[in-house]
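Residue-level structural notes
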Amino acid sequence: MNDRSAPAVRLDTVSKRLGWTWALRAIQLRVDRGSSVAVIGPNGAGKTTLLRVLATLLKPTSGTGAVLGIPLRDGAEAIRARVGLLSSRGHLYGDLSALENLRFAAWMGGVSVDEARLRAALAKVGLDQVSEQRAREFSSGMQKRLAFATLLMRRLDLVLLDEPYANLDSDGIRMVDDFVDEWRAGGGTVLLATHRRGLAVRKADRVAVLQAGCLHRYCRPEELEPADLDPQAEPATPPVLPAG
Amino acid sequence: MKSSLALRTWAILWKDLLIELRTKQSFSAMVFFAALVLFLFGFAVGPDTATLSRLGGGLLWIAIAFTGMLSLGRTFQSEEVAGGLDGLRMYPGEIRAIYLGKLLANFSMLVVLEVVLVPVAAVLLQLEPWGRFPLFVGITLLGTFGFSVIGTFYASLTQHLRARELMLPLLLFPALVPVFLGAVNGTTLALAGDPLDRIGGWIRLLISFDIIFFVVCVWIYPIVLEE
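Notes on the structure follow. Once a new chain begins, its residue numbering starts again from 1 and follows that chain's sequence as written. Note on labels: chains are lettered from A, ligands numbered from 1, in written order. Where local features are concerned, this predicted model is filtered to residues with pLDDT of at least 70; where side-chain atom pairs are given and counted, the filter is 80 or more; whole-chain, interface and lining totals use all residues.

A closer look at the overall build of chain A
Stated precisely, the cut-off is as follows: Strands here mean DSSP runs of E at least two residues long; helices mean DSSP runs of H or I at least four residues long; both are numbered from the N terminus. Computation of the radius of gyration draws on C-alpha atoms, with the globule rule given as 2.2 Å multiplied by the number of residues to the power 0.38. Three exposure classes are used. Buried residues have 20 or more other C-beta atoms within 10 Å of their own C-beta, exposed residues have 12 or fewer, and partly exposed residues fall in between, all C-beta atoms being placed from the backbone. C-beta atoms are placed from the backbone for every residue, and two residues are taken to be in contact when these atoms lie within 7 Å.
Secondary structure summary: chain A contains seven helices and ten strands in total. The C-alpha atoms of chain A give a radius of gyration of 18 Å, which matches the 18 Å a tight globule of 244 residues would have. The burial tally for chain A puts 48% of its 244 residues in the buried class. If you take every contact in chain A between residues at least 6 apart in sequence, the share linking residues at least 24 apart comes to 70%.

Observations regarding the nonpolar core
Quick reminder of the rule: Connectivity within a nonpolar core runs through C-beta atoms within 7 Å, and the core itself is a set of buried Ala, Val, Leu, Ile, Met, Phe, Trp, Tyr and Cys residues. As annotated, the domain borders come from an automatic or database domain assignment.
Formed by 145 residues in total, the largest nonpolar core has its most connected members in Val39, Val67, Leu102, Leu160 and Leu191 of chain A. With 13 residues, the top contributor of residues to this core is helix H6 (residues 96–124) of chain B. Viewed by domain, this core spans two of them, domain 1 (1–82 + 157–244) and domain 2 (89–155) of chain A, each represented by three or more residues. The contact partners of Leu160 of chain A, leaving out residues within four places of it in the chain, are Leu51, Leu54, Ala55, Val83, Gly84, Leu85 and Leu191 of chain A.

Overview of unusual backbone geometry
All names here are of chain A. One non-glycine residue, Thr56, adopts positive backbone phi at about 65°. Structurally, Thr56 can be placed in the loop between helix H1 (47–54) and strand S4 (62–67). We note that Ala212 has phi near 50°; this positive angle belongs to a residue other than glycine. With respect to the element layout, Ala212 can be found in the loop between strand S9 (206–211) and strand S10 (214–219).

Some thoughts on the interface of chain B and chain A
Counting from both sides, the interface comprises 22 residues of chain B and, opposite them, 21 residues of chain A. Of all the secondary-structure elements, those providing two or more residues to the side of chain B that touches chain A are helix H1 (5–23), helix H4 (77–81) and helix H5 (86–89) of chain B. Broken down by element, the residue count for the side of chain B that touches chain A peaks at eight residues, all from H1 of chain B.

Brief notes about the sheet that holds strand S7 (residues 158–162) of chain A
Residues and elements named next belong to chain A. For the record, the criterion: At least two bridges found by DSSP between two strands is the condition for calling them paired. For helices, the fitted line uses only the C-alpha atoms of the stretch in contact; every axis is such a line through C-alpha atoms, and the angle between N-to-C directions lies from 0 to 180 degrees.
One open sheet accounts for six strands, arranged S6-S7-S8-S3-S9-S10; its pairing is mixed. The open sheet has two edge strands with one neighbour each: strand S6 (83–86) and S10. Between one strand axis and the next, the sheet turns by 15° as a mean value, whatever way the strands run. Of the pairings in the sheet, the one linking strand S3 (residues 36–40) to S9 comprises four bridges and is parallel in character. Residue pairing in the sheet places Ile40 in a bridge with Val209 of S9.

A word on the sheet that holds strand S5 (residues 70–71) of chain A
All names here are of chain A. Strand order in the open sheet made by the four strands is S2-S1-S4-S5, with antiparallel pairing throughout. Either end of the sheet is taken by a strand with one partner, and the two such strands are strand S2 (21–31) and S5. Note that S4 and S5 share two bridges and pair antiparallel. Across the sheet, the residue bridging to Ala66 is Pro71, located in S5.

Next up, the structure:
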């Protein structure tokens, strides 16, 4: 199923257990297409797990959900064709040059490996002058930029960004913001998980506050309470777990 | 847009071999280790030509197997450094390409190693593979393919285990028994000139197991990876 009118994300009491720990507990979430959602919360709140469930890298332990109208349980391949995930480590190969990393991503993503196109993607993230340099010689911020370039080459409807602001200077932060704006202008949806709450909410239409695996609040940025932006806030009492 | 299975397989093979070519860490260690194993066996057996000729095939395969473990152990290391297999899994298209690309990379590495190793073995163990050389090469390639097929699969299975260096050989070697059986006997007969023409049975065994293991591993790899 691929209903264009379906929301970008719909989760219905989705829970995920990792070992003996419930990483997500009965998450109810709806993200409209073309919107930007910031997922905030302290370390261990379940932000990365939520993104990995949406990317179909983890199967929900219970509950149902759909991404771009495609069911999570049996639509992994169709979802991955239209969803991009930028993980905190970026998935780069240190012994390949920036250009070779992009060429590999293009081959794997099924997009044109035209040299000019690869160089254009590098220029967009400000790495065109170091295209032949190996990724391991880059700073953390430059590696993050290169990881963004691998996403830029694909036509994606939903982008999941895990800690995109980590290790970035002010120029890098501006690049992420521009990326989010550009993606949304093209009709794409962005889910952005970070513990840097102040940065995240600037570009968000809605904010999902996760605490101890529970969706504590899902609201507009202006509706957030001061405690939601306080990293030291006490976690909410977990709701009753679903059976199983 | 999805990428074809062949293109994705090629991409992973290209990437792995390029990284190996750049670092040369794994291959240098493999060559040194294999030569050391052959050297020690040569010393242990002594200069008795008849014994060396009888044991030569087995000793050569012990060296290939031990050295191959080094290669298999590193199969998914570049992915771990890059953040795990999630990055590869997120690309659209056939997930089996990950297995096929890694399998071909391992096979290529082992074949290049054998090109170096066989002349060394010929000198140290006084082997004479040149008499029935095409047969010797064919059996070696069949054995190496079988080793790579099963080894790559188990390397993928054990990549997340803490004691993977221990678990990989423990799980792998029992599964490799049919391949080693065919490869060792076939190689020994090829080295001896196969006077009784018994080599055909071992070749058929190797081909059968290579096909069976290849089909099974390719078939169940997505289930293993996704679950």
